[in-house]
Amino acid sequence: MSDRKRVPEVRRGAQESEQKNVSDTDPEEEKCSCATEDSDGTWKISSLQELEDVLHSAPRSCRHCDEVWPNLYLGDMFMSHDKLGLWQLGITHVLNAAHGKLCCKGSDDFYGTTVKYYGVPANDLPTFDLSPFFYPAAEFIHQALTTGGKVFVHCAVGVSRSAALVLAYLMIHHRLSLLSSARCVQQKRWIFPNRGFLRQLIVLDQKLRDKELKEPKYVILQNQSTELSSLSWQKSVSSFTACKTVSICTILHVYSKQCVHPSPPLSSPVVTSEGTQRVPDLWHQ
């Protein structure tokens, strides 16, 4: 990522635009540091005051466009109108969190057929309910990034509406807490969603945490039973630790939805996190 392209501003010199448009830190390094923050298995639901304190503490640095996650850019309406700059960045998808507002020209017609557009007609008011757009916007970003695209998310200033949608994406698709998501993004760009949006994100944070706690955490042992003296349940297959003998067995951690595995034979035992064995009736849940 160190040799990625810079985005020139059409009406400014190239050297000035390099300083104002795109940040310099490698987002891959940021991704690693952010994604491991909750790896100890704890998930703290932050209060509104705690979130605002964290957001206030970040440096006030906003360019027209910042890469806050690999291939995910957060910016303002100035950059959204710069079709040349977006083309030079390789942007394939645009998410406009101020769709239909006078300050933002974004639409399917404006970007043409080379860019996929998704508009969220949000008002930057604490009374506006942005939560119905959390999952659709997150899915739009996720589909773009998983197919090799680059996404530009913006509103008028790139601080409140669009930032809230980026935080929701990180929470939903990368299993980060709200606090971790905020810290991750603010390493690259100063953000401050309004209080109403923060309260809605706290509700989402609680729902995702409750879902996390309710998800079945077990392994399937195929071919033969194996004694496991301790199980350490984490968020990925690489984090799973099984102590004692595991001989000629296939261990499948059925925590990740991306895990691909065959259907187990009915004789295969299921070892739950509480150490009990059951016939795999939970397999298809």
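All chains use their own residue numbering, which begins from 1 and follows the written sequence. Where local features are concerned, this predicted model is filtered to residues with pLDDT of at least 70; where side-chain atom pairs are given and counted, the filter is 80 or more; whole-chain, interface and lining totals use all residues. Side-chain measures were taken over the full set of non-hydrogen atoms in the model, leaving aside hydrogen atoms and water.

Caption draft 1: Structural view of the overall build of the protein chain. Within the protein chain, the regular secondary structure consists of ten helices and eleven strands. Here's how the labels work: a residue is buried when its accessible area is under 20% of the maximum for its type, exposed when over 50%, partly exposed in between, all with a 1.4 Å probe on protein chains only. Out of the 285 residues belonging to the protein chain, those deemed buried represent 48%. The contact criterion used is simple: two residues touch if any of their non-hydrogen atoms lie within 4.5 Å. Put simply, 69% of the contacts in the protein chain that link residues at least 6 apart link residues at least 24 apart. Here the protein chain has roughly 14300 Å² of accessible surface; of this, 53% comes from carbon and sulfur atoms. For the purposes of this entry, the term helix denotes a DSSP run of H or I that reaches at least four residues, the term strand denotes a run of E that reaches at least two, and both are numbered from the N terminus. Surface accessibility follows the Shrake-Rupley procedure with a 1.4 Å probe radius. Residue values consider only the protein chains on display as shielding.

Caption draft 2: Molecular detail of the nonpolar core. What makes a nonpolar core is a set of buried Ala, Val, Leu, Ile, Met, Phe, Trp, Tyr and Cys residues whose side-chain atoms join them at distances within 4.5 Å. Judged by nonpolar contacts, the single largest core of 53 residues is most densely connected at L72, L130 and L201. Those elements that place two or more of their residues in this core are α3 (48-57), β1 (65-69), β2 (72-75), α7 (134-146), β5 (151-154), α8 (161-174), α9 (178-186) and α10 (195-214). Looking at this core element by element, the count peaks at ten residues for α8. Leave out the neighbours within four places in its chain, and L130 touches V120, A122, R161, A164, L165, F197 and Q200.

Caption draft 3: Structural context of the sheet that holds strand β3 (residues 93-96). The five strands are arranged β1-β2-β5-β3-β4 in an open sheet whose pairing can be described as mixed. Each edge of the open sheet is held by one strand with a lone partner, namely β1 and β4 (116-119). The sheet shows a mean angle of 25° between the axes of neighbouring strands, taken without regard to direction. Any two strands between which DSSP finds at least two bridges are classified as paired. Two strands pair when backbone bridges link them, and β1 and β2 are joined in this way by four bridges, in the antiparallel orientation. Residue D66 lies in a different strand from β2, and its bridge partner there is L74. Helix axes are fitted to C-alpha atoms over the stretch in contact, other axes to C-alpha atoms as well, and angles between N-to-C directions run from 0 to 180 degrees. This element, α7, spans β2, β3, β4 and β5 of the sheet and lies at about 165° to β3.

Caption draft 4: Expanded view of the packing of α8 against α9. Contact geometry for α8 and α9: axes closest at 9 Å, N-to-C directions at 125°. Judged on the interaxial angle alone, α9 and α8 are oblique. The way α8 lies across α9 gives a crossing that is right-handed. When α8 is examined against α9, the residues V166, L167, L170 and M171 are found in contact with a partner set consisting of L178, S181, A182 and V185. Under the convention adopted here, Pro, Cys and the residues Ala, Val, Leu, Ile, Met, Phe, Trp and Tyr are nonpolar, Asp, Glu, Lys and Arg are charged, and Gly plus all remaining residues are polar. Residues belonging to the contact of α8 with α9 are distributed by class as follows: seven nonpolar, one polar and no charged. Each angle gets one of four labels, with under 35 degrees taken as roughly parallel, over 145 as roughly antiparallel, 65 to 115 as roughly perpendicular, and the rest as oblique. Handedness of a crossing is defined here by the sense of rotation of the near helix relative to the far one, left-handed for an anticlockwise turn of less than a right angle and right-handed for a clockwise turn.

Caption draft 5: View of the side chain of S46. Along the polypeptide, S46 turns up in the loop between α2 (27-35) and α3. On the accessibility criterion, S46 (6% relative accessible area) is buried. Residues within four places of S46 in sequence aside, it is in contact with L51, L179 and I202.

Caption draft 6: Structural context of the side chain of E212. Position of E212 among the secondary structure elements: in helix α10. For E212, a relative accessible area of 11% puts it in the buried group. In the analysis that follows, any N or O atom pair within 3.5 Å is treated as a polar contact, provided that within protein one partner can donate a hydrogen and the other can accept it, and provided that, for residues neighboring in sequence, both atoms belong to side chains. Among the polar contacts listed, one links the side chain of E212 to the side chain of R175, at a separation of 3.0 Å.

Caption draft 7: Quick look at the pairing of β5. Neither face of β5 is open: one carries V151 and V153, the other F152 and H154, and all of them are buried. Here β2 runs beside β5; their pairing, made up of four bridges, is parallel. Each bridged residue has a counterpart across the sheet, and for L74 the counterpart in β5 is V153. Both β3 and β5 contribute to a ladder of four bridges, which runs parallel. Directly across from H93, in β5, lies its bridge partner V151.

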